[in-house]
Amino acid sequence: MWSKSSTNIKSILFFKANHFQYIVPILFLFTNLICQAQTAVTGRIIGSNGVGIEGVSVRIEDSKNGAVTDKDGFFKIQNTSKREHTLHITSIGYFSQKVKMKLSDSKPNHVTITLREDINSLDEVVIEEKKNSIQVERLPDVHDTYLIAGTKNEVLQLGGINANIAEKTGRQIFAKIPGVFVYDMDGSGNQINISTRGLDPHRSWEYNIRQNGVITNSDMYGYPASHYSPAMESIERIELVHGTASLQYGAQFGGMINYISKQADTTKAFTFETINSAGSYGLFSSYNAICGKIGKLKYSAYYQKRHSDGYRKNSKSDAQSQFASLSYELTKNLKVKAELGRSSYVYQIPGPLTDAMFAQDPRQSTRSRNYFNPDIYIPSIVLDWKISPSTKLRWTNSGVYGSRNSVLIDAFANVPDAIDPATNQYKPRQVDIDNFKSFTSELRLVHQYRIGGLNNFISGGIQVMKNNLRRRQLGKGTTGSDFDLSITNPVWGRDLHLKTNNIALFVENLLYITPKLTVTPGLRVENGATNMTGTITYYQPEALPDKIKHHFPLLGISSQYKFDADSRIYAGFSQAYRPIVLKDIIPGSVLEQVDKNLKDSKGYNLEAGINGKVGNIFSYDVSVFQMLYQNRMGTLAMKDDAGKDYILRTNTGNSMTKGVEIYAEYKPFSVQGINGRKTEFSVFTSTSYFDAYYIKGSSVLNNENLNTKGNKLEGVPTWITRNGLQFAHSTFFATIQYSYVSSLYSDALNTVEPSVNAAKGKVPSYGLWDFNGTLKFAERYNLKFGVNNILNKSYYTKRPTMYPGAGIWTSDGRSIVVSLGIKI
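Heads up: these notes are all about the structure in this document. Note that the structure is a prediction, hence the values are computed from the model and not measured.

Describing the sheet that holds strand E16 (residues 235–242)
Taken in spatial order, the five strands of this open sheet run E11-E16-E17-E14-E15, and their pairing is mixed. In this open sheet, the two edge strands, each paired with only one partner strand, are strand E11 (153–157) and strand E15 (214–215).

As structure tokens, this is what we get:
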């Protein structure tokens, strides 16, 4: 039990967590001694996907002393007088295991054990204590209320990844997922912008983005970008399920990315963690978190703050994020969880460059008065009800509330932002504000039943969305240089409301034909509409599309054959669609018109692959895919009845993307010394090949419609490959990584030579070297060190045509980051 003085210490830690980076190390060491006074054996039982397993029996062999794991896989067994124990772990559907432990008075007696799924029968083995996996893992056939069998998916355990977590460096975090394209546009650390299979990476908006199963896309129908950006230090693992499983959670072409927060250690009433990082270009980040369990209440919370001056001139960032979670066990079978996440940052936008400017100095700036600021809240309440041993229900109510703000000079790179000699002032800036009010209620049920002696699963539910997006743009801002959203004229150039009401019904059935062969058919029906109202000062309201209907069924099927618990072949097909977003239906000027019969983009995902492991030496995943994307938005040059020219915004093209994705990891060297310390060496490759092209299309050049059939799809490189060498010895782990992205086109006409304003032109290929190392010491401490872009390569990833502005946006050069983590 804690003494009165130690309770005071814990109170200080709870109320002052966000100030701990300034308190001297003596406090950590003192609290560390108190924590080590505990005499219990604690641990966690996880599956091969890293998820805790509930209901596992853990007992000390040849005794009656034991425990059963809780919802998150944690257990606690009171110590006995013996100093050596063998833990016997059993659970239906998994291989039972025995783990030998030597208890220590100076170190915490905590063990993490991974159970393997048993396909045919139970077996018993003796294993070593397992650390965080550095290999890509897979989700089980049934994951929570989702049916995953037959789909391509990956699980990344961030605890086992050497990466620049503080700045969310995507090429390092997602290094082992083939085909991930990383788009740099918001300054390091502010946002992750990724895509797979040739899709648009802008704020990852081709995905259904979730945190702990809760949707975080700002408005799935009006503006599906994910502006919410939690601290990556708070994430335990990332689950990525590709598009063939989309019927269960949405119909996005990309699939689903689920960021799972670190779980509270339920064996303790209080745990504190702090991670502080510093690095090049004025980087400082401080993450502080608390968690624990008191009776039936489980809690966790964190506060994070980060500052960076940025690689380029005038590219300062100030970011913060907070998160709190409370989970209460009403009964053994009924639990409720409430969470609130928030993220916000202010990014000074340095402006686009022309090709000549980039060649002269890639760190220069063309803007000093441009700013971007998203401020997003994600509240949620989740009810989990285990109706029976074979039936589980989950009801999630959540929202996305907040704003996306910008104040800037919106012009090409070759148009300077200069002081007007007549007024001796800058030009007034443009103010744009989006307000999000997006509510989602999702009721899901999974039921297990038996046919022919085999377990089968059916999962279904209903998803209701009610969204209200208000967009105010072209506001006349100040002539100042600071971050200021005030306007000098109360009339907005655009003041629009986009309101969506949508209901989706979905059902999938996982059928075990044999214990190794499964087939999963599925159906999703979307029924809803999006209505637009408001004013555009330069346009007549009756000329705008005021209603877009979403009403169609989507079909899918997937199958897999398991050779063993770790190896399988899989294949799947699923229809997909992407709603028309608000930017598609807003005319840029009086010279544009919008088709009143716009259609949502639609198509399908088709994939097949094989993945598995050969012992502990080799792991692999090889897949092929084909994606049809119809009704792409574009423009056509037209003439009205009077012969006057205008530009029509409408559906203009269809595209096809085919590709191969390869992940392989080989561990040729693994030796355990007589002192029990293990030395390992491994290599990996994560490589993809894309063939993306238009099968139908048109684009305007000089007021003429040009056919784009057969042209390469813009923004899609042919090759993306990331390769690494990994070395581990005892508590030290290091990775050196080489990333290569081939050249790509920036427009549908496949323009090679850059335009004067840099809006068009080919994006050259680039290759980058990174190094990251982790050293764990004294059980509770870890030190991370990284050098990003070792050779200081000057490069850029895209030439955007929308935010943050047309032209070249320089990615970061060489930087160094050091992080110190302490957990008590």
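Quick word on the sheet that holds strand E7 (residues 110–114)
Pairing in this open sheet of three strands is mixed, and the strands run E4-E1-E7 from one edge to the other. The two strands at the open ends of the sheet, each matched to only one other strand, are strand E4 (74–77) and E7. Going from strand to strand, the sheet's axes swing by 25° on average, the running direction of each strand aside.

Concerning the pairing of strand E23 (residues 370–388)
A regular strand places its side chains so that they alternate between the two faces of the sheet. Bridge analysis of strand E22 (residues 334–349) against E23 gives 14 bridges, and the strand direction is antiparallel. The residue bridging Glu339 from the neighbouring strand is Ser380, located in E23. The pairing of E23 with strand E24 (residues 391–408) spans 15 bridges and is antiparallel. Note that in E24 the partner of Tyr377 across the bridge is Tyr401. Between E23 and E24, which pair antiparallel one after the other, the connecting turn spans two residues.

Side note on empty space enclosed by the protein
Going through the model one piece at a time under the given rule, you end up with 10 cavities of 30 Å³ or more. Roughly 600 Å³ of internal volume is contained in the largest cavity. Together, 42 residues line the largest cavity, and Asp184, Gly187, Ser188, Ser811 and Asp812 are the ones closest to its centre. Among the secondary structure elements, those contributing two or more residues to the lining of the largest cavity are helix H3 (170–173), strand E39 (732–741) and strand E40 (766–777). Classifying every residue of the lining of the largest cavity gives 13 nonpolar, 21 polar and eight charged.

A word on the pairing of strand E38 (residues 719–729)
Direction of pairing for strand E35 (residues 678–696) relative to E38: antiparallel, over a ladder of 11 bridges. Its bridge partner being in E38, Glu680 is matched across the sheet by Ala728. Here 10 bridges tie E38 to E39, and the two strands are oriented antiparallel to one another. In the strand pairing of E39, Gly724 is matched with Gln737. Connecting the antiparallel pair E38 and E39 is a turn made up of two residues, with Ser730 showing a positive phi of about 55°.

Brief notes about unusual backbone geometry
Residue Pro804 is reached from Tyr803 by a cis peptide bond, and omega for that bond is 5°. In this structure, Pro804 sits in the loop between strand E41 (781–788) and strand E42 (815–823). A positive phi angle is found at Ser730, which is not glycine, with a value near 55°. Following the sequence through the fold, Ser730 ends up in the loop between E38 and E39. Residue classification places Ser730 among the partly exposed positions, given a relative accessible area of 22%. Phi is positive for Ala758, which is not a glycine, with a value near 70°. Structurally, Ala758 can be placed in the loop between E39 and E40.

Each value, and the rule that gives it
Residues numbered from 1 in each chain as written. Predicted model: local features only at pLDDT ≥ 70, side-chain atom pairs only at ≥ 80, totals over all residues. Heavy atoms only, no water. Pairing = 2+ DSSP bridges. Helix = DSSP H or I, 4+ residues; strand = E, 2+ residues; numbered from the N terminus. Axes fitted to C-alpha atoms, helices over the stretch in contact; angles between N-to-C directions. 1 Å grid on protein atoms, 1.4 Å probe; cavity = no way out; pocket = protein on both sides within 12 Å on 5 of 7 lines; lining within 4 Å. Points joined across faces, edges and corners; volume = space filled by probe spheres on them. Nonpolar A, V, L, I, M, F, W, Y, C, P; charged D, E, K, R; others polar. Buried < 20%, exposed > 50% of the residue type's maximum accessible area, 1.4 Å probe, protein only.

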